[in-house]
Amino acid sequence: MSSVSYHISNLLEKMTSTDKDFSFNLVCLFLSLAPLVSKVKEPQVETMVDVLCSNMTSDKEQLRDISSMGLKTVIAELPLTSSGVTLTGSVCKKITSQLIGAMGKHDDVSVQLEALDILSDMLGRLSGALVSFHSSLLSSLLPQLTSPRMAVRKRSILALGHLVPCCSSALFSQLTEHLMKELAKGPPTSMTRTYIQCLATISRQGGHRVGEHLEKLIPMVVKFTGVEDDELREYCFQAFEAFIRRCPKEMSPHIATVTQLCLKFMTFDPNYNYDDNEEEDEDRMDIDDELEEESDDEYSDDDDMSWKVRRSSIKCLEALISTRLDLLLSFYSSICPALLARFKEREENVRADVFTAFSTLLRQTRVASSRHSLIVSGSDPGVRREEEPAVALLKKQVPATVKALHRQLKEKSIKSRQGCFCLLTELAHTVPGALEEHIPALIPGIVFSLTDKSTLSTMRIDALSFFNVLLLSHPPQAFQPHMQVLLPPVIACIEDTFYKITSEALLVIQHLVKVMRPQGQAGGFDPKPFVKEVFSVTMKRLKATDIDQEVKERAISCMGHIVCHLGDHLRAEVQAVLAIFLERLKNEITRLTAVRTISLIAASPLKIDMSPILQEALSVLGSFLRKNQRALKLGTLACLTALVTHHAASIKPAALEPVLSELPTLVDESDMHVSQVSITLLTGTAKAYPSTLAKISSSVLPGVFRLIHSPLLQGSTLEAILEYLQALVLSKTSNLSYSQLLKSLMEPFHRSQSSADGSIVHRQSYHSVARCVAALSSASPKETPGTVAGFIQQVKNPGSPESARVLALLCLGEVGRKGSLGGSKEVQGVILEAFSSTSEEVKTAASCALGSMAVGCLSDYLPFLLKEISAQPRRQYLLLHSLKEVISCVTGDFLKTLQDEDINVRRIALVMFNSAAHNKPSLIRGLLGRVLPHLYKETQIRKDLIREVEMGPFKHTVDDGLDVRKAAFECMYSLLDSCLEGLDILQFLDHVEEGLKDHYDIRAKVFTVCDMKSGFEQVKLEEE
């Protein structure tokens, strides 16, 4: 202990040492402080802090600086964990008391500035440990706002901003009321700026808490926008922006006022006259940009601060657009035209903010459009679907937008052109095809950015990126007439020395190839004049081996599209390209891209002759199936499927042996997606090469049957297996007959519940096997009657194992689902008889079977089901389960039960809706527009459902609507998880807020909803 104290004392003495090598002492101090804080005991840390705080108020400037930095180091190293709470608390209290003294007593401004800096650091990191000091800190900081030194005032505002998030509501109100009181006195303009800036800061940091003061604050801030001071106006709009972002709901009554002020001051430019002749020049779209820029320079003024007012007002509008989706339509009539008019803004930074605000408007329109499409998708197919109103309004503004951007695309300003391309990219994403008529006007700007020698690399990349988006979002016919102009600059970019430009240019060429000859469209455009030039420049990059990996991959992909779309124009060159692809396939770095490219060429409608490389390629592809790289494995399986499907005539069965020998190990439940793609390949092989089935069935089928009996099998993997089994039956292979496959499927269920090898037959496997049996029956209709008769016997036979009877019932249901049984009375009677079984498993299977058969023949079974539900009270549960099976397949008008008069019916309907939202959200996404109003209605407390029950001398309140409200909030929780994009969050939160005033059980559920919502917001912020 004494040794540690000695070292600390020695370290602190070096701070005051008169040694000339002062920098050595400084380095020594800071290298030692950080590890010491976390390793020495609390008294030693307090000793260090005492000395540092004492030296911070020293007359020696160097000593003050060293001490200040030392304190900041200590604060940064204090532990935040629970084990270090005591140390952190005591050190913070010691530092805080010293800092308060330094701020209040010392006349030296530099000491005040250092104290405020340290305090900001400490509050920013450890505010929670200083709760007991919050009041005294506030009292010390408020006088600093009136300091004659601007630096002191700004750092005080920063410290208050760090104090606000953790302070109590009372202290927050005290701070806000103090600022309002000072502003009401009409202080000098410099002080007013400080108070307004402080308001904006605490609003940003304090969140919703400033909302309760807005009624008094807004008129004050509005009044100060009329003061002839540019900085003050800037701070006012920054305050408005903070209010809008943090308190969107409370700002609703003031939106119109703030919007009008923003629209007024976004054009505030007293030192520049925007000549009306510019409008005429824009109409001609032919302006000498250099002369324009020279004239702009004449008006530049270093003392002109009006641009800050314009920028802050535009940022305020951007905040308004991003937070009030509900006002989107009104923005198109008020804000949109004003932003378009400001595209001519002379100040580059302000113009960039105009582009950002307009891009935000486009993004919000895209959000509204996606919600609209979700709601509309649930409407009747025969009804014409209306376009989202905001999208319709945006389309009307597209000509004016392109007209306003046309000049900017040819400006020398890199930042302006980048802003234009970002905005146009957003527009193309929001309304695909909207720029089709304006492509002739946009092409000169794109070509200018690609060919201008003074253009930076980033500018060319942005131009190519936008061009790529344009090609993907517009029909090929829009670009075909301009191919002569578009190709040369893009080809020149492929020759560029910077790999990023080359890579983007190759991607553009890849999409231009699709434009030249779109697949599936008969067009009159002749690509022949451009084929040679495109091929030669891509071939040059394809052959090169000393280039960047990204360029290699893009060159392979680009050449693949050239061969796929234009291969008939290349003739002999195709074989040379295929040879290179084979080489790239053998290269570990490029093999994945080569696999995907070969898949593309294999599926080409041009029927490219791949026979020269097929045998060797199949051998290499077979080896890839042994690799541990999952993406390569999946790509290889897809490639092999394409080759087998489209080039079966060129492949000899013997050439497939290296591939087929690897497939058995891939059919395994450990990776369902790989299994699915493998089985799809097996299906293609079974159809193209039936002769191979006899060889591979013994090795592949055991894995397939294991997969069928797996509890994990479902979805697309099960569908792939069904198709494979049907292909096996149709192949007529001797050892793969219908009866043999059926026997292999059902064998585990004819043994005891626990099979000989100790494995258990899982419940999910019953349903999987039943679907497989139904698939085999549909492929062999002649065998169906005999199979059904066998199942009926198994169900009737009391000596059959329970598992066999359960499976037989499920198989009958699945065969009936396909309509193969019609309204068979015999099957119906067997199922109803099974309802009386002593086994719960058999009864449940019978219920599922009846529901499945009803799906296949609604006209016969649905009336019968409804009749039985009323007539058989004892079987009602099983019959309702059957009805549920029907409803899950035929949603129909079931959700109308949400409007039923019976409260219990509505509750059950909500439970079912919640189940769908949780398990199969795709079923209800399209119904949200019709369901949400009824759902929200059920969250409200109904006084007519509340009654008092007398229990002896006591009265007890009973709320009959509580269970319905619980079910409604359960639904809201599930919707937030699975259908967030289909919800109007502001409307959703209104009902969440009401739930916080409800019964304890409801509040508990609402808290889980709020917790999930805050989690989504955190993820969103991290992504941004």
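Residues numbered from 1 in each chain as written. Predicted model: local features only at pLDDT ≥ 70, side-chain atom pairs only at ≥ 80, totals over all residues. Heavy atoms only, no water.

**Some thoughts on the overall build of the protein chain**
Alright, step 1. Secondary structure assignment for the protein chain yields 47 helices and 2 strands.
Alright, step 2. Nonlocal contacts in the protein chain, meaning residues at least 24 apart in sequence, comprise 73% of its contacts between residues at least 6 apart.
Alright, step 3. As displayed, the protein chain offers around 47500 Å² of accessible surface, 52% of which is attributable to carbon and sulfur atoms. (Helix = DSSP H or I, 4+ residues; strand = E, 2+ residues; numbered from the N terminus. Contact = heavy atoms within 4.5 Å. Areas by Shrake-Rupley, 256 points an atom, 1.4 Å probe, with all protein chains shown as cover.)

**Some remarks on the packing of helix 17 (residues 328-341) against helix 19 (residues 389-408)**
Alright, step 1. The geometry of helix 17 relative to helix 19 is characterised by a closest axis approach of 10 Å and an angle of 5° between their N-to-C directions. Accordingly, the angle class assigned to the pair helix 17 and helix 19 is roughly parallel. Packed against helix 17, whose contacting residues are Leu328, Leu329, Tyr332, Cys336, Pro337 and Leu340, the element helix 19 presents Pro389, Ala390, Leu393, Leu394, Gln397, Ala400, Thr401 and Ala404 at the interface.
Alright, step 2. In the contact of helix 17 with helix 19, the residues fall into 12 nonpolar, 2 polar and no charged. (Axes fitted to C-alpha atoms, helices over the stretch in contact; angles between N-to-C directions. Parallel < 35°, antiparallel > 145°, perpendicular 65-115°, else oblique. Nonpolar A, V, L, I, M, F, W, Y, C, P; charged D, E, K, R; others polar.)

**What about unusual backbone geometry?**
Alright, step 1. Positive phi is not limited to glycine here, since lysine 607 has a value of about 55°.
Alright, step 2. Structurally, lysine 607 is set in the loop between helix 28 (591-602) and helix 29 (611-624).
Alright, step 3. Residue lysine 607 is classed as exposed on the basis of its relative accessible area, which comes to 55%. (Buried < 20%, exposed > 50% of the residue type's maximum accessible area, 1.4 Å probe, protein only.)

**Some words on the pairing of strand 1 (residues 946-951)**
Alright, step 1. Of all 6 residues in strand 1, 0 are buried; the element is thus mostly exposed.
Alright, step 2. Sheet analysis places strand 1 next to strand 2 (residues 954-959), joined by 6 bridges and oriented antiparallel. Opposite methionine 951, over in strand 2, you have phenylalanine 954 as the bridge partner.
Alright, step 3. The turn joining strand 1 and strand 2, which pair antiparallel and follow one another in sequence, is formed by 2 residues; a positive phi near 65° is taken by glycine 952. (Pairing = 2+ DSSP bridges.)

**Describing the packing of aromatic side chains**
Alright, step 1. Counted under the stated rule, the structure contains 10 aromatic pairs.
Alright, step 2. Taken together, a centroid distance of 6.0 Å and an interplanar angle of 5° make the contact between phenylalanine 525 and phenylalanine 530 stacked.
Alright, step 3. The class of phenylalanine 525 is partly exposed, set by a relative accessible area of 21%.
Alright, step 4. One aromatic cluster is present, built from ring pairs that chain together Phe237, Phe240, Phe265 and Phe268.
Alright, step 5. One cation-aromatic arrangement involves lysine 223 over phenylalanine 224; the distance from NZ or CZ to the ring centre is 5.0 Å.
Alright, step 6. One cation-aromatic arrangement involves arginine 233 over phenylalanine 268; the distance from NZ or CZ to the ring centre is 5.0 Å. (Phe/Tyr/Trp six-rings, centres within 6.5 Å; stacked < 30°, edge-to-face > 60°. Lys NZ or Arg CZ within 6 Å of the ring centre and 35° of its normal.)

**Quick notes on helix 36 (residues 763-779)**
Alright, step 1. The terminal C-alpha atoms of helix 36, which comprises 17 residues, lie 25 Å apart, in line with the 24 Å expected from a rise of 1.5 Å per residue.
Alright, step 2. Counting buried positions along helix 36 yields 12 of 17 residues, so the element is predominantly enclosed.
Alright, step 3. What helix 36 keeps buried is the set Ser765, Tyr766, Ser768, Val769, Ala770, Cys772, Val773, Ala774, Ala775, Leu776, Ser777 and Ala779.
Alright, step 4. As for helix 36, its buried residues are in contact with helix 33 (693-708), helix 34 (715-730), helix 35 (738-746), helix 37 (784-796) and helix 38 (802-817). (Expected span 1.5 Å × (residues − 1).)

**Regarding the pattern of salt bridges**
Alright, step 1. On inspection of all chains with the given rule, the structure shows 37 salt bridges.
Alright, step 2. In this structure, glutamate 662 and arginine 626 form a salt bridge, with 2.7 Å as the shortest nitrogen-oxygen distance. Residue glutamate 662 is found in the loop between helix 31 (657-660) and helix 32 (672-688), and its partner arginine 626 is found in the loop between helix 29 and helix 30 (630-646); the two are separated by 36 residues along the sequence.
Alright, step 3. Given the relative accessible area of 14%, glutamate 662 is considered buried.
Alright, step 4. Between arginine 965 and aspartate 998 there is a salt bridge; the shortest N-O distance is 2.7 Å. Here arginine 965, found in helix 45 (residues 962-978), pairs with aspartate 998, found in the loop between helix 46 (985-995) and helix 47 (1000-1023); they are 33 residues apart in sequence, far enough to count as distant. For the pair shown, arginine 965 and aspartate 998 are each scored as buried.
Alright, step 5. Where salt bridges share partners, they join Asp269, Arg310, Arg342, Glu345 and Arg346 into one cluster. (Salt bridge = Lys/Arg side-chain N within 4 Å of Asp/Glu carboxyl O.)

**Some words on the packing of helix 6 (residues 109-126) against helix 7 (residues 134-144)**
Between two packed helices, both the angle of their axes relative to each other and the distance between the axes serve to describe the pair.
Alright, step 1. Helix 7 packs onto helix 6 with a crossing angle of 135° between their chain directions and a minimal axis gap of 13 Å. On the basis of the axis angle, helix 6 is oblique to helix 7. Crossing of helix 6 against helix 7: the hand is left-handed. From helix 6, Gln112, Leu116, Leu119 and Leu123 reach across to helix 7, where they touch Leu137, Leu141 and Gln144.
Alright, step 2. In the contact of helix 6 with helix 7, the residues fall into 5 nonpolar, 2 polar and no charged. (Left-handed = near helix turned anticlockwise from the far one by under 90°.)

**So, the nonpolar core**
Alright, step 1. If you look at the biggest cluster of nonpolar residues, it comprises 287 residues, and the most contacted ones within it are Ile95, Ile196, Phe243, Ile509, Leu585 and Ile708.
Alright, step 2. Counting residues per element, this core draws most heavily on helix 6, at 10 residues.
Alright, step 3. Ignoring sequence-local partners within four residues, the contact set of leucine 585 consists of Arg591, Ala594, Val595, Ile598, Ala617, Val620, Leu621 and Phe624.
Alright, step 4. Within the second largest apolar cluster, 32 residues are counted, among which are Ala909, Leu910, Val992 and Ile1002. (Core = buried A, V, L, I, M, F, W, Y, C linked by side-chain atoms within 4.5 Å.)

**Things to note about the side chain of glutamine 794**
Alright, step 1. Here glutamine 794 is to be found in helix 37.
Alright, step 2. Non-local contacts of glutamine 794, meaning those with residues more than four positions away in its chain, are made with Met746, His750, Ser800, Ala804, Arg805 and Ala808.

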